[in-house]
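Residue strings, one per chain:
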Amino acid sequence: MRVPVSWLRDYVDVGDVDSRDIADRLTAAGLQVERVEFLGSDIQGVVIARVLEIEELTGYKKPIRWVRLDDGTSERHVVCGASNFEIGDIVAYARPPATLPGGFQIEARKTYDHLSDGMICSGAELGISEERDGILRLPADLTLGDDAVDALGLRDDVLDISINPDRGYALSVRGVAREVATSYGIPFRDPADVEVPAPDTTAYQVSIDDPASCDRYLLRVLRGIDPTAPSPRWLQRRLTLAGMRPISLIVDVANHVMLDVGQPLHTFDAGRVSGPIVVRRARDGERIVTLDGVDRQLDSTDLVIADDSGPIALAGVMGGASTEVTESTSDVLLEAAHFEAVLVSGAARRHRLGSEASRRFERGVDDALAPAGAELAVRLLQQLAGAAAEAPAVDVDVRPPRPSISLTADLPGRLAGVPYSRETVERRLREVGCEISESGEATLSVTPPSWRPDLRIPADLVEEVVRLEGYAALPATVPTAPAGRGLTRTQRLRRQVGRTLAAAGYVEVLSSPFVDAGSAHRLLLDADDPRVPSVRVANPVADTEPYLRATLLPGLFTTLARNVGRGLTDVALFETGPVFRHRDSPPPPRLPAGVRPSDSDLAALDASLPDQPQRVAVALTGMRQRPGWWGPGRAAAWSDAVEAGRLLARTLGVEVTVSADRHPPFHPGRCAALHVGETLLGHAGELHPRAIAALELPAGTSAMELSLDVLLAAVPDLATAVPVSAYPAGSVDVALVLPLAVPVAAVESALRRGGGDLLESVRLFDVYTGSQLPSGHRSLAFTLRLRALDHTLTSEEMLAVRDAAVAVATAELGAVLR
Amino acid sequence: MSGPNDRYDPKEVSALSADELDAAVTEARAAFLAAGDLGALATAHVAHLGNHAPVALARRELGALPPQARADAGRRVNDARTAIQAAYDERLAQLEAERDERVLVEETVDVTLPTDVQPTGGRHPLTLIQERVADVFVGMGWEVAEGPEVEAEWLNFDALNIPAWHPARETQDTLWIDPPSGGVVLRTHTSPVQVRALLERGAPCYVVAPGRVYRQEALDATHTPVFHQLEGLAVDEGLSMADLRGTLKMLAAAVFGPGTTTRLRPDHYPFTEPSADVDVRCWVCLGASALPGGEPCRTCRSEGWIEWGGSGMVHPVVLASAGVDPERYSGFAFGMGLERTLMVRHGLSDIRDLVEGDVRFTLSLGRED
């Protein structure tokens, strides 16, 4: 809402204060002023002048005039491209050095072979109208040489206010002025406080069919309007300042009243309305062509104004073309009505047709305003367009009585944290417009004013008191919470996961969870894989990505590719977060607000949601260890991805087993499955070359994805200390020859079990394949570190452990000591 | 060098003479000094302190002396040997020091060589700010609450007093899970966690809920369809707007630094009444840019204040929806965008930097500060 301060001053005498101060006070009271515009302050050197002589210059592509002007003190010559003026006209003359809005400097300059000493201004150039085609012609009574800004009243400040959905009354100068008066503690003159004629039911036949949707419909019958009468400049200027375009006198008057007091008005050409007017629901199949020229299909959710011909207006939103006032309209039916907010907002959205009227009805219009609003318009039309003095009114008024609110007198103070006296509470509520009847020592019976339909419960009244007393005056205290339990175990463990991966060189990303249907295909997933996206957004941000991710990998890969595309060749990324997987479930129960649902209803709500397991994933490419003076470096590989999983498990104290697996999108020969006991934790490895090609990733890109839920659930409740022996360790190396197909993990496991308690650790230090071995075999060399808790091991004991370890490997796997 | 084997009249042999011993000492000292390195010194050690060195031979002759002469000669031999050993030790220490000096010089490296064998990792600034704020509140006894990102419509809207006809539910604001009438949405704010926390814990309840939220919005420099919010909720007997104000001041100080000025400004939210927006005083211009004639400020766009989040006293309908008696309990809630918080805190101009996952950006902010 754009509010010219000059307009505000008609209703509240703020005296000599800066508009910024008004803006600050309004903002503090809850009408947020986004911007204060200081119009006219940037215009300099524009004076009133008279046209003395016009010479038409010829030989140019368009008509050009060479004009002699009298600026009160001297004669000046300017070149002018407009032709809408005559000798003797009074004009606004930008006399060099002059400045126009936007900082445009006007100097004398040569143009069309003449030295133009400044220019004659159009309305647009002065920022006061949209008129660009011709220059501005001014009244003859102005004094030559006077500053045009002062003479024309161009100086004005405009407050641009953002109006919240609960403050419909502030979509009017009346509403804003009332807030200004309250915040300065000065009187307010209500522009809607006008004498209105007594209703006359015979003036026109009107009925309301749906009183729940329209509880008031007032019509004034105006005759004898001069359709050629123009809007006076003050009216055009006000509308322009308020951000509306002047159109015609009748429309401008209706808009002016709406901006002034907040009552949307509509005018029908009386000559084009046939028969009685009915406010009713549209019938299925009915249509209307609205003023914007669009032919609209209506149904029973639409409220319309209808005559014998059918709908002639979409109630509260827009009028119909069939009864539009035209350049020949002389008789008018002027509508001032009150429509229900939800109904209007629904219609405006359904028809994608927001209007100044619908914006106001949606936020709530003062339901007592119709007679005054109509009367203000009638008076203007009588004054400016010669409308007949007789303008009878029909007023169908079926408004329910306004309910009162019972307010505990100390509630505002208790909720604010400041004790307000009862007198303060009552005064503030009266300033808002409430009527208060004493209903008891501790309670007030408060009836909100007709322009505040948003005030419904005691808390609404509390806000009024607190905002007017000032949020800035609230003290600041920090409440004492009862002793808390700290972060949950899961929250602590999740932090550990992030820190571990970051310390291992992975950079965290929070990638977009939206994926396309093809993402599963690029990952080579089978149709029944749970990682195929299955939760779909009905109205996606991008039509190409309608699904929610069912695996973290697509987002990681996209981010990886983006980094690589930016020339960062060595990238290791990780992400943790939920994925979304469809599960068959009944739709959630429909529950009312304001009532705690039963536990079974809450369970049903949760059950209606898709499965949202938490996962952790890494992806890496390029060099895991950089080349440098220390050596050639090492490329990121399947082993890093597996190690990322092992590292997490190790750090969290979870025992995982690693085994070879075939699992898309991984390379079938370079894919590890990680298990906790029998439960699958996830997979890691190098990506399948086809996946790499489809994803446009660098060759060798590797990845890991685990179920974070499974991982964290496997973390032992209480860590147990390992007994530490202070006796010296001995170490024995063994080299075992085994078929290539036997995995190292199996050999390690056999050695461990064979070695028993004295075997402290097993570490593979060499893998050898070569001609000295039988084909299809390799030699695995392990260091066994041995130690006893209670004595120094003898060499006999150590050899016995080694033999026992090897014996198991031999028995189970056919290992041969080399 | 042995003397005549005369068992009855043992007499001094020349090796035991004082002169001979002095000469041995002198020779040994010279030899040790002449040894230029540890190898030569070892050779000299054999010659002068070894089994065939003069002092060793002299000691062997002691037994042949008559008892009355033995003590005297023995002392002389010992003195000589001690002197030679001392000379050796001194030279050894000298030569070892020289060697060590030389080796350490030879082993000197250029310590400015690069050492970054493994690229650095880091966590996302959005994760860190969530943890930072959570820690502040946990320190005050609050807890960190969570809820699902795909959420029931009832929890995201109805329970928060956002009725069915409210524009926020429209498809231009809310992302609906297919089928659109199924009552399931991508949560548009972290506020449903308020309701979940109250349903789970009842009153009193003090929780913060950081998390990811979704809106139907195209990605540009200042908007993203997926972003993060921080929600706070306190419900207890006797809580007031003064408590809200104090809590927000403390939060602002924790996020933007001590002494950060905040203000509350009336606003409207369906789930709070009274409602307030939270602004933070621009710490670049300290509000000077908003005064007449003030220098323009880019950080606050010359408004003097930076809009940070929304807040208010929990609406009675919300309390009742979660089974909390609004007659007995009151509460406050607040919520702010974490992307916006980071943008303001670090002077970022493009939200896409927080979304795209460029590791250069993440590493620059992915640390505690």
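Look up: the structure comes first, before these words.
Residues numbered from 1 in each chain as written. Chains lettered and ligands numbered in written order. Predicted model: local features only at pLDDT ≥ 70, side-chain atom pairs only at ≥ 80, totals over all residues.

*Asks:* Would you explain the overall build of chain A in this entry?
*Replies:* For chain A, the count of helices and strands is 21 helices and 42 strands. Across its three principal directions, the C-alpha atoms of chain A cover 125 × 85 × 60 Å. Here chain A holds 818 residues, and 43% of them are scored as buried. Summarising the internal contacts of chain A: among those between residues at least 6 apart in sequence, 70% fall at separations of at least 24. (Helix = DSSP H or I, 4+ residues; strand = E, 2+ residues; numbered from the N terminus. Buried ≥ 20, exposed ≤ 12 C-beta atoms within 10 Å, placed from the backbone. Contact = placed C-beta atoms within 7 Å.)

*Asks:* Got a minute to help me understand the overall build of chain B in this structure?
*Replies:* Of regular secondary structure, chain B possesses twelve helices and nine strands. Its C-alpha atoms give chain B a radius of gyration of 44 Å, more than 25% over the compact-globule value 21 Å for 369 residues. Counting only C-alpha atoms and orienting by the principal axes, one finds that chain B spans roughly 135 × 50 × 45 Å. By residue count, 47% of the 369 residues in chain B fall in the buried class. A separation of at least 24 residues holds for 66% of the contacts in chain B among residues at least 6 apart in sequence. (Rg over C-alpha atoms; globule rule 2.2 N^0.38 Å.)

*Asks:* What is the right way to read the pairing of strand β8 (residues 305-314) of chain B from this model?
*Replies:* It is a general feature of regular strands that their side chains alternate between the two faces of the sheet. All names here are of chain B. Taken across its ten residues, β8 has eight buried, putting it largely inside the fold. As defined by bridge partners, strand β7 (residues 272-281) adjoins β8 across eight bridges and the pair is classed as antiparallel. Bridging from a neighbouring strand, Val278 pairs with Gly309 of β8. Of the strand pairs in this sheet, β8 and strand β9 (residues 330-337) are connected by five bridges, and their pairing is antiparallel. Residue pairing for β9: Gly310 is matched across the bridge by Gly335. (Pairing = 2+ DSSP bridges.)

*Asks:* Hey, could you run me through the sheet that holds strand β22 (residues 332-339) of chain A in this one?
*Replies:* Within a sheet, neighbouring strands are paired by backbone hydrogen bonds and run either parallel or antiparallel to one another. All names here are of chain A. Read across the open sheet, the four strands follow the order β15-β22-β14-β23; overall the sheet is antiparallel. A strand with exactly one partner marks an edge of an open sheet, and here the two such strands are β15 (265-269) and β23 (393-397). Each neighbouring strand pair of the sheet contributes to a mean axis angle of 15 degrees, computed without reference to strand direction. Bridge count between β15 and β22: five bridges; the pairing is antiparallel. What sits directly across from Asp269, in β22, is Val332. Packed onto the sheet, helix α6 (residues 249-261) meets β15 and β22 and runs at close to 160 degrees relative to β15. (Axes fitted to C-alpha atoms, helices over the stretch in contact; angles between N-to-C directions.)

*Asks:* What's the story with unusual backbone geometry in this structure? I'm lost.
*Replies:* Note on backbone geometry: most residues besides glycine have negative phi, and most peptide bonds are trans. The omega angle of the peptide bond from Pro664 of chain A to Pro665 of chain A is 5 degrees, so this bond is cis rather than trans. Along the chain, the position of Pro665 of chain A falls in the loop between β35 (657-660) and β36 (666-676). For the bond from Asp178 of chain B to Pro179 of chain B, the omega torsion is -5 degrees, close enough to zero to count as cis. Looking at where Pro179 of chain B falls in the secondary structure, it is placed in the loop between α6 (153-156) and β3 (184-186). The phi dihedral of Tyr112 of chain A is positive, around 50 degrees, even though this residue is not glycine.

*Asks:* Can you walk me through the nonpolar core in this structure?
*Replies:* Nonpolar side chains in soluble globular proteins tend to end up buried together. Of all hydrophobic cores here, the largest spans 289 residues; its most connected members are Ala377, Leu573 and Val618 of chain A. Among the elements that take part in this core, helix α9 (residues 370-385) of chain A stands out by supplying nine residues, more than any other. Among residues more than four places away in sequence, those in contact with Leu573 of chain A are Tyr506, Val507, Val509, Leu556, Thr559, Leu560, Val618 and Ala619 of chain A. The next biggest cluster of nonpolar side chains, apart from the first, holds 18 residues, and it includes Leu21, Val25, Ala31 and Ala53 of chain B. (Core = buried A, V, L, I, M, F, W, Y, C linked by C-beta atoms within 7 Å.)

*Asks:* Just checking my understanding: could you explain helix α21 (residues 795-813) of chain A for this structure?
*Replies:* Turn by turn, an α-helix covers 3.6 residues, leaving residues three or four places apart pointing in a common direction. All names here are of chain A. With 19 residues, α21 should reach 27 Å at 1.5 Å per residue; the first-to-last C-alpha distance of 26 Å fits that figure. Among the residues of α21, Val801, Arg802, Ala805, Val806 and Ala809 are the ones counted as buried. Burial along α21 is one-sided: seen end-on, the buried residues are contained in an arc of 120 degrees. Residues of α21 that are exposed and point more than 90 degrees away from the buried face comprise Glu796 and Ala811. The elements touched by buried residues of α21 are β39 (730-739), α20 (744-755), β40 (759-768), β41 (777-786) and β42 (816-817). Positioned one or two residues after α21, Gly814 has a phi angle of 75 degrees, which is positive. (Expected span 1.5 Å × (residues − 1). Arc of directions from axis to C-beta.)

*Asks:* Just to check I follow, could you spell out the sheet that holds strand β5 (residues 226-236) of chain B for this structure?
*Replies:* All names here are of chain B. In spatial order, the strands read β1-β4-β5-β9-β8-β7-β6; together these seven strands make up an open sheet with mixed pairing. Lying at the two open borders of the sheet, with one neighbouring strand each, are β1 (143-144) and β6 (262-269). Against the sheet, helix α5 (residues 125-138) contacts β1, β4 (205-214) and β5, and its axis sits at roughly 170 degrees relative to β4. Each of β5, β6, β7, β8 and β9 touches helix α8 (residues 241-256); the most contacted strand, β9, lies at about 30 degrees to it.

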